[in-house]
Amino acid sequence: MKPILFNKSRVAIAVSVVLTAGLLMPVQAQEAEQEPEQAQDVNIEIVQVKGIRGSLARSMDVKREASGVVDAISAEEMGKFPDTNLAESLQRITGVSVSRANGEGSQITVRGFGPEFNLVTLNGRQMAGTGFSRSFNFENLSSEGVSALEVYKTARADVPTGGLGATVNIVTAKPLQNPGERYSFMAKGLHDSSNKAGDDLTPEFAGIYSNTFMDDRFGVTANFSFHRRDFQRQSANIRSWQLNPSLSVDASDVVDGRPMDANGEVIPRFWAPDANGDLQPVTAAFFPQEISFARDDIQRERTNGQVTFQFAATDDVILTLDHTISNAVTGNNSLSWGVWNGSFGGNANAYELDENGTAIYYNSSGDDGSFTGFRETGEVDSKATGFNVAWAFSDSLNFSFDAHTSKTTTDNGKDKGLGAQARVILGSAALLSKEYFFREGDIPGYNISWQNGSNELSPSEIGSNFSIFTRTPGESEVTQYQFGGDWLPDLGYGLMGVSFGAAYTKQSLSGSGGSNNANAPGFNNGTFAEIFPDSMFERVDLSDFLNQFAFGPDGVSPGYAYTFDIDEAIIRQMAFLTQDVLGADAYEIGTFGPEMFPVNRIEEETLSLYVSTEWEFEVKGYYVDVNLGLRYEETDIVSPARSRVPEYVYWAGGSEWLTQFASGGELVEVEFTGNYDLLLPMFDVKVDITEDWVGRFSAGKTITRPTLGQMLGNLSLTPSPKIGARSGSRGNPNLKPFESTNLDLSLEYYYGDASYAAIGLFWKDVDDWIDNSQVTTTFEGLHDVYQGQRWNNAVAAIQARGEQATDAAIYNEIVANGVGIGENNRVLPDPATDPLISWTINSPENVGARKVNGLEFAVQHVFGDSGFGTGINGTLVDGDVEYDNFVLAAQAILPGLSNSANWQVFYEKEGWSVRLTAAWRDEYLAGQGQPDTTDAPPNYVEEYLQWDLSVNYDVNENLTVFFEGINLTNETERSFGRFERQFLSAAQYGPRYAIGVRYTMGN
């Protein structure tokens, strides 16, 4: 039976505009709506498919009807999204994998491009990010008020820019979308099996209410949610691996497993740059700077809410007003313990290296063993308000206007007692030696031989080392105005529609803060163990610690730790370690107001214009849809900062060159600026090969803008710019965006209800790649006495006398000539005759190009009316951005590039809805660089496979009870450096279980 279609009224047209993903987001699929008078004449039974099958069918329809490559996830019913976390839902989409924070999906990687390469919008609006980043953390937004997630993988002229990997649009519910009264309420109890210190059962509840009034001309939708999770994270960490530290060890105490030549010399297997930057063969040995273990007891609360009002002012005009809030508070009370190996040198006693030069055993003296108490309460608070007008000007032309502002503040100083993050380190330096070992198992261990004759420190021997108090608040704000229109011309020639629009977006971000080291000299002042009573410390048995990992034959080592009350430790140190006792090193928490630290700020303004056309042709019996569009963007960046402004560089004699700063070197307000403009074309072709087969080709350009942190001005030049050491660092407001030329080719087979198969190839050629690098540049007004006219004249005069032109001789000659001489015989620069100084600046820069290509496939199948269904998708990616572990220098990489796959099987019938899912991500490179290293070492993350289960039973048409199991197999996380034995971190969280109830009316 063919469907009955109805002409849309003007109100319906306006409503459909409002119901798109956002003002400028394209309409992918819209249900036909009928006029009220028609509804009275025609009696039609509408069957709405809900649940898993309905969600999959709607998502498939979006994919099929879209121009370009688009994937989507739809809510199963009102207030019920497929997963409790939006990131976990997104990983069901082909090509999407997630990175996790605290065992939950946090940010996404699409087609190998990490979070910073993906733009996330809410109803088509760019939202304020967190930190000096544009990335959006999905764990801060609940799923109950979300009706769909749309992932745009190819270029669209009418989609906001910024998503080189993809643009993800979060679509929330609106009242006029489904008139009438509807609501859904959910409550559940969550049990996290890792929890030790919090509540074993924590609450989560949510609700959404929607209703329309005044003959469906006015509507309101409101949703809210509250979520709390108490859990424990157990982890092991190594801060960094040090390359070739200077060690004094007898040869008899060294076991070197590296390959040797016939003369017993280590064969050079690594490459390092020489003074000219050319790679030369070298040998390498790597040693752990420290090793520590941690037990974090964490409590996280998240509150979300949104209210949306819609009013059909006339048959032609729809007004929409919405307000969204999100608040996430995370408290962490942590104990960690470990040893520091960073001194190396003469402290080394013995070591053993494996074939790659990685230390698998290291024995040393000196330094200390410590127990650290850590406490932090951090808050992320977001608010957004938007107003939209949709106007159906005529049957063929409609307009829309949207204005919104969003603001996010972050603050890790929400601890009511301290007002800062606190790290209190107690311990002892009274050790004979300490051992690090990693010959077996998944995680290394350590032992300490204490001067008390045992391998365990007693409470009476624990003294004051030092404490660190830190606060780093930040604020991000976005203001955006968007105007768009759609024209449905009756011109013929295959032209079906024209979309056009303009947008103005202003984003500002600021951050401040700093830290205070209390009693920084540590044990140099003595341990002061007497100020801590033995009763303050509680011994913790670690025999069951990190039990999901394999250790050596002795198990976790050491097998104990001491926990203590942080407040008591701070109060006792403040009371006893006063200025009378320690002078300037007295124990103080410090203050962290905004007046105490410089504020870094950046403002970015972007003007966008676009036009997009849709065409439809019949070519030799095939229906062909073409989308051709162009987007223009112009961006201006201003970075106000408090910096020391250099006025000139003078020569004080000999090797002493000094920078003279304005206002005596005080911090002054300065502005750094940058700008760029872009033309971004796009072209999509979709061919209906048969009724079931669809072929696609897409070409276009997409961009990802530099992170806001990379564009901070704040130039810092060395105050002592000796010849050969004229250096500095800066952000770069003049960075251009990553600009990718993309090609996509795909074939899709839609063979049944909610069933399809698809395969696609993609190529991305990225120009203006951004890397941190050293650049040689000049700055207006900073002139160089060196090799200026006076310098060269002095050299010539000295050599003419048959004398050696040393620095001292040149200086004396210039002073004797008396030209450009200042106070105390300073040789001042002469702008008329001296060249500009060449400075070597560490700065993010646009360098070269990178290529990425891949294949993705998806199969989704519903087994008739059996109730069973399954789906599997996978992505294979490759590129010229791989890291070479044997090159000891920074390299061009693409963090997050990895293969991924997802699988699900479900049963939905007779009131039951059961879904089992698996998400796999292959090993990937998360980044490069570790603290206190110069060889830019890599950070790899091991492959990850997570299994989740959900079971729902409909007691009746309104009431559902459900069970959820998350991370059923207790999957763990682990990372390492150049080689697997260069351990960096491991963590386990445990499975989570929830049981709950949902009541729905009018869905």
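Residue numbers run consecutively from 1 along every chain, following the written order of its sequence. Selection of residues for local features in this predicted model requires a pLDDT of at least 70, selection of side-chain atom pairs for listing and counting requires 80 or more, and totals for whole chains, interfaces and linings are taken over all residues. Excluded from the side-chain calculations are hydrogens and water; all other atoms, namely the structure's heavy atoms, are used.

Draft legend 1. Highlighting the sheet that holds strand 24 (residues 445-450). Pairing between strands is defined by DSSP: at least two bridges between them are needed. Counting from the N terminus, the helices are the DSSP runs of H or I reaching at least four residues and the strands are the DSSP runs of E reaching at least two. With mixed pairing, the 5 strands of this open sheet are ordered in space as 12-18-19-23-24. With partners counted over all chains shown, the strands left at the sheet margins are strand 12 (254-256) and strand 24, one partner each. Across this sheet, the average inter-strand angle for adjacent strands is 10 degrees, counted without regard to direction. In the sheet, strand 18 (residues 348-353) pairs with strand 19 (residues 359-364) via 5 bridges, with the strands oriented antiparallel. The residue bridging leucine 353 from the neighbouring strand is alanine 359, located in strand 19. Throughout, an axis means a line fitted to C-alpha atoms (over the contacting stretch in the case of helices), and angles, computed between N-to-C directions, take values from 0 to 180 degrees.

Draft legend 2. Broad picture of the pattern of salt bridges. Each salt bridge in this description consists of a side-chain nitrogen of Lys or Arg and a carboxyl oxygen of Asp or Glu lying within 4 Å of one another. Summed over the entire model, instances satisfying the criterion amount to 39 salt bridges. One salt bridge connects lysine 188 with glutamate 204, and the closest N-O pair in it is separated by 3.6 Å. Taken together, the residues span a long stretch of sequence, with lysine 188 in strand 8 (residues 182-192) and glutamate 204 in strand 9 (residues 202-213) at a distance of 16 residues. Residue class for glutamate 204 comes out buried when judged on its relative accessible area of 5%. A cluster of three or more residues bridged by salt bridges with shared partners is formed by Lys63, Asp71, Arg111, Lys153, Asp744 and Glu856. Each residue is assigned to one of three classes by its accessible area relative to the maximum for its type, calculated with a 1.4 Å probe on protein chains only: buried under 20%, partly exposed between the two thresholds, exposed over 50%.

Draft legend 3. Fine view of empty space enclosed by the protein. With a 1 Å grid laid over protein atoms only, a set of points is called a cavity when a 1.4 Å probe fits there but cannot get out and a pocket when it is open yet has protein on both sides within 12 Å along at least five of seven lines; lining residues have an atom within 4 Å of a point. Grid points are joined across faces, edges and corners, and a volume is the space filled by probe spheres set on the points. Using the criterion set out here, one finds 16 cavities of 30 Å³ or more in the structure. Surrounding the second largest cavity, 28 residues form its lining, Leu56, Arg92, Gln860, Asn873 and Gln904 being those nearest its centre. With 6 residues, helix 3 (residues 51-65) is the largest single contributor of residues to the lining of the second largest cavity. Under the scheme applied here, ten amino acids are nonpolar (Ala, Val, Leu, Ile, Met, Phe, Trp, Tyr, Cys and Pro), four are charged (Asp, Glu, Lys and Arg), and all others, including Gly, are polar. Classifying every residue of the lining of the second largest cavity by side-chain character gives 14 nonpolar, 8 polar and 6 charged.

Draft legend 4. Looking closely at the pairing of strand 44 (residues 868-879). Judged from the 11 bridges that link them, strand 43 (residues 849-862) and strand 44 form a sheet pairing that is antiparallel. Counted as the bridge partner of phenylalanine 857 is glycine 874 from strand 44. Hairpin connection, strand 43 to strand 44: the antiparallel pair is bridged by 5 residues, and glycine 864 has positive phi, about 55 degrees. As defined by bridge partners, strand 44 adjoins strand 45 (residues 900-909) across 8 bridges and the pair is classed as antiparallel. Its bridge partner being in strand 45, glycine 869 is matched across the sheet by phenylalanine 906.

Draft legend 5. Seen up close, unusual backbone geometry. Omega for the peptide link from serine 557 to proline 558 comes to 5 degrees, which places this bond in the cis form. Looking at the element boundaries, proline 558 is found in the loop between strand 29 (537-541) and strand 30 (560-564). Here asparagine 244, not a glycine, exhibits a phi torsion of approximately 50 degrees, which is positive. Within the chain, glutamine 787 stands out as a residue other than glycine whose phi angle is a positive 65 degrees. Counting through the fold element by element, glutamine 787 comes out in the loop between strand 41 (770-777) and helix 7 (789-800).

Draft legend 6. Layout of the sheet that holds strand 5 (residues 125-126). As summarised here, the arrangement of the 5 strands in space is 1-6-7-4-5, forming an open sheet in which the pairing is mixed. Each end of this open sheet is capped by a strand with a single partner; those strands are strand 1 (70-74) and strand 5.

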